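Observations on the three-dimensional arrangement
Each chain is listed here by its residues.
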Amino acid sequence: MSTDLKESERLKDEEILAQMVSSRSTSAKDDVLIPEVTSQATFLFAGHETTSANISHVLYQLAHNQELQDRLRIELNDRLAGRDELSYDELNSMPLMDATIREALRVMAPLAATVRVAMEDDVLPLSRDYACQDGKGTFNKIVIKAGTTIPILIHLTNTSREL
């Protein structure tokens, strides 16, 4: 958020959305519908929140790991070599920084779960046999019919010790 604007001069989220809607084209061909503007605004704000949450998770992990802080500081100072800033490519070539960010994303994924819908019938093989709920027998595959909604538990997948 800009610090050079007084609080009274700043637009609220609702005011920004209203500005987007009121500035729409009068041409039917180019007309922006309110649901489209709302979804664009949601994407904009959701992306912002996701980024800030991820940065917070990295900083939280660093605050609890002094050794990692020290190692990252060394890596960063080596790359800076007396300069004030790094290029995008230089930041991407820092292996410890990359590993730290990826680990924070793995442990605290921006999205805990999502769903997918099977487009066609399929069979999902399992790595071992599992007992049936009724206690009668075992199974080692899951039959998925087209149209089935499949929950994907990202957080559990990313933190499971068995996977």
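Please refer to the structure placed before this passage.
Everything quoted here is computed from the prediction, not taken from an experiment.

Concerning helix α5 (residues 95-107)
Side chains of residues three or four places apart in an α-helix project in the same direction, reflecting 3.6 residues per turn. The first and last C-alpha atoms of α5 sit 18 Å apart over 13 residues, in line with the 18 Å expected at 1.5 Å per residue. L96, T100 and A104 are the residues of α5 that are buried. The buried residues of α5 occupy one face: seen down the axis, they fall within an arc of 70 degrees. α5 presents P95 and R102 as exposed residues on the side facing more than 90 degrees away from its buried surface.

As for the pattern of salt bridges
A full pass over the atoms with the stated rule returns four salt bridges. Across the pair D70 and R73 runs a salt bridge whose closest N-O atoms are separated by 3.2 Å. Placement of the pair is D70 and R73 together in helix α3 (residues 66-80), with a separation of three residues, close to one helical turn. You can call D70 partly exposed: its relative accessible area is 34%. On the basis of relative accessibility, which here comes to 42%, the residue R73 falls in the partly exposed class. Of the charged contacts, one joins R83 and E90 as a salt bridge, the two residues approaching to 2.8 Å between their closest N and O atoms.

Rules and cut-offs
- Residues numbered from 1 in each chain as written.
- Predicted model: local features only at pLDDT ≥ 70, side-chain atom pairs only at ≥ 80, totals over all residues.
- Heavy atoms only, no water.
- Helix = DSSP H or I, 4+ residues; strand = E, 2+ residues; numbered from the N terminus.
- Expected span 1.5 Å × (residues − 1).
- Buried < 20%, exposed > 50% of the residue type's maximum accessible area, 1.4 Å probe, protein only.
- Arc of directions from axis to C-beta.
- Salt bridge = Lys/Arg side-chain N within 4 Å of Asp/Glu carboxyl O.

Remember that the coordinates give geometry; whether it matters functionally is a separate question.
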